[in-house]
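# Coordinates in review
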Amino acid sequence: MTNEKAFKKACKFIAGGVNSPVRAFANVQSKPKFISKGKDAYIFDIEGNSYIDYVQSWGPLLFGHCDKDIQKACQKALKNGSSFGAPTLLETELAQLILSDFPHLDKIRFVNSGTEATMSAIRLARGFTKKNKILKFEGCYHGHSDSLLVSAGSGATTFNSPSSLGVLEDVAKHTLIAQYNNIENVKELFEKNKDIACVIIEPIAGNMGLIPAEQEFLEELFKLCKANETLLIFDEVMSGYRASYLGSYGINHIQADIVTFGKVIGGGLPAAAFASKAEIMDILSPLGGVYQAGTLSGNPLAMAAGIASITKAKKKSDLYEKLGKLAQRLTQGMKKLADEKGFALQVCHVGSMFGYFFNKDRVLNYQDALKSDLKLFAKFHKNMLENGIYLAPSQFETGFICSKMDKKIIDTTLQAVQESFKKI
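Residues numbered from 1 in each chain as written. Predicted model: local features only at pLDDT ≥ 70, side-chain atom pairs only at ≥ 80, totals over all residues. Heavy atoms only, no water.

## Re the sheet that holds strand E3 (residues 50–53)
Whenever strands of a sheet pair, they do so through backbone hydrogen bonds, lying parallel or antiparallel. If you trace the 4 strands from one edge of the open sheet to the other, you get E1-E2-E3-E15, paired in mixed fashion. Two strands close off the open sheet at either side, each with one partner strand: strand E1 (35–39) and strand E15 (389–390). In this sheet, strand E2 (residues 42–45) lies alongside E1 in antiparallel orientation, the contact comprising 4 bridges. Each residue of the ladder has a partner; that of isoleucine 35, found in E2, is aspartate 45. (Pairing = 2+ DSSP bridges. Helix = DSSP H or I, 4+ residues; strand = E, 2+ residues; numbered from the N terminus.)

## Re the pattern of salt bridges
Overall, the coordinates contain 18 salt bridges when judged by the stated rule. The residue lysine 360 makes a salt bridge to aspartate 361 at a minimum N-O spacing of 3.0 Å. Taking the relative accessible area as the measure of exposure, lysine 360 reaches 66% and is therefore exposed. Through salt bridges that share partners, Asp67, Asp69, Lys312 and Lys404 make up one connected network. (Salt bridge = Lys/Arg side-chain N within 4 Å of Asp/Glu carboxyl O. Buried < 20%, exposed > 50% of the residue type's maximum accessible area, 1.4 Å probe, protein only.)

## Description of helix H1 (residues 3–13)
When H1 is considered as a whole, its buried residues turn out to be Asn3, Ala6, Phe7 and Ala10. Along the axis of H1, the buried residues cluster in a sector spanning 100°; they form a single face. Pointing more than 90 degrees away from the buried face of H1 are the exposed residues Lys5, Lys8 and Lys12. Close packing links the buried residues of H1 with E2. (Arc of directions from axis to C-beta. Contact = heavy atoms within 4.5 Å.)

## Observations concerning the sheet that holds strand E4 (residues 107–111)
Spatially, E4-E12-E11-E10-E7-E5-E6 is the arrangement adopted by the 7 strands of the open sheet, whose pairing is mixed. Two strands bound the open sheet, and with one partner strand each, they are E4 and strand E6 (175–178). Neighbour-to-neighbour, the strand axes of this sheet turn through a mean angle of 20°, independent of strand direction. Pairing of strand E10 (residues 231–236) with strand E11 (residues 258–261), which is carried by 4 bridges, proceeds in the parallel orientation. Bridge pairing links isoleucine 233 to isoleucine 258 in E11. On the sheet, helix H3 (residues 89–99) packs against E4, E11 and strand E12 (272–276) and is oriented at approximately 125° with respect to E4. (Axes fitted to C-alpha atoms, helices over the stretch in contact; angles between N-to-C directions.)

## Details of the nonpolar core
Tyr54 and Phe137 are the most contacted members of the largest nonpolar core, which totals 105 residues. Those residues in contact with tyrosine 54 that sit more than four places away from it in its chain are Leu330, Phe354, Ile389, Tyr390, Leu391, Gly399, Phe400, Ile401, Met405, Ile409, Ile410 and Thr413. Counting 19 residues, the second largest nonpolar core, distinct from the first, contains Ala117, Leu231, Ile258 and Leu284. (Core = buried A, V, L, I, M, F, W, Y, C linked by side-chain atoms within 4.5 Å.)

Here you go:
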C-alpha cells in the first residue's frame, strides 16, 4: 500500500485521518508518511523509504528508535503483565530516580500524558492556594485541557476567549495570557489580578518553535510569584532530560514550585508526571482533597522504559555535550547555507533540542514567531522530505537530536538542506 492510499483509508475511519492534528501534514504541502518501523536515527515508511528522523516521536527517544536497553526492560516487564491497576515496585524506583536529582522536589505522581500532568498540576495549585485564576504565556502549549486552550484574544492584559470549540467561556475567563519573555506584561497582570493561583510556563518553549526563556525574565517571574503567593509551574514535559539531564533546572537553576515531566521519562511509552514539595503534594487524594486518578498511571511497561532511559542518560556523562555539539553543527550549518542563498533564517539549540525560523529578526515570543515565512517553511519541509530528512511538519515545533546520530548524519542532512535551498 502507498502512503497516499493509506491516508485515504485512514480518513474513512479516523477523524482527520490522524490521532494528533500535526501528523496530517496539512500546512507543509505534503501528505503524511505512514511509518512501518524505526531503527536508531532512522524511520521507514510503508513504501520502504528511509528518513533521518529529527522528530524522534516528538522528543521521548533520546537514544533513538529500538534502543536495545529500553526494549530489554520492556520485554522483561511484559513477561509479568502489562497493567495491574495496583502498585508495583517499578513506580517507586522511577520516582526515586527522578527525585534524587532535584533538591526542590520531594514527591511525584505519575500520569499517562503531558496533558494530564499539566492539568493535574494546575488543579493542585488551585487547591493549595485557594485561588482561581491561572496565568499562561501566549504560544506555550500545555496540553489540550479546557483551561489551557485559550488565545491572546483582544489583548494580553484581558481575559481570553476559547481557541477551541467546546471550551466554555466560563472556563476560559479564568485564564490570563501574558507575552513570553516580557516581565512588564506579567507585572501588569499581577497588579490587576490578586486571585492568581499559579503561573505555568515552558521555561524552554518548544511549541511555538524553540524559544528559550531569558534568564533574567525567569528570575523576575520567580520573584513575582513568591511576592504574590502564587505557585510557579515549570512545564518540562518536552525539555525535561532533553535540554540537559536536569532539563531547564540544569541551565537556569530556578526551583519552581511544581514541575511537570513527560516524554523521556517514559522512554517512548506513554508516561508523564508532576512533582513538588511534600506539603503541596500531600493535599492530593488519598491524603488530601485534590482528586486525581488514572487506571494506567504508573503501568509497569512505561515505568520500566523510563527507568532504562533515565538510568542510561545518567550514566553517560558526556551525552548532552555530544548531543549539543551535533545540534550546534546542524543549526549553524543551516544558517550558513541560508545566508549563502539569501534566505532569512534564525536558528537556536538548547542541548539536544533545536529550532529554526524563516524570519529576518530574532524570535523571542509567539508574536515574533508568527512573522515567520510559513510558505517558505512549507516548501523547505517538502523538499527535505523528498531528500530523506524527516522534520517536524510545522514551523512551530521543535526538532530533536538522538544519541544514534553523528557528524556524518548531520552532514548528510546539511547536504539535503543545500539541495533544498537550491531547488527553492
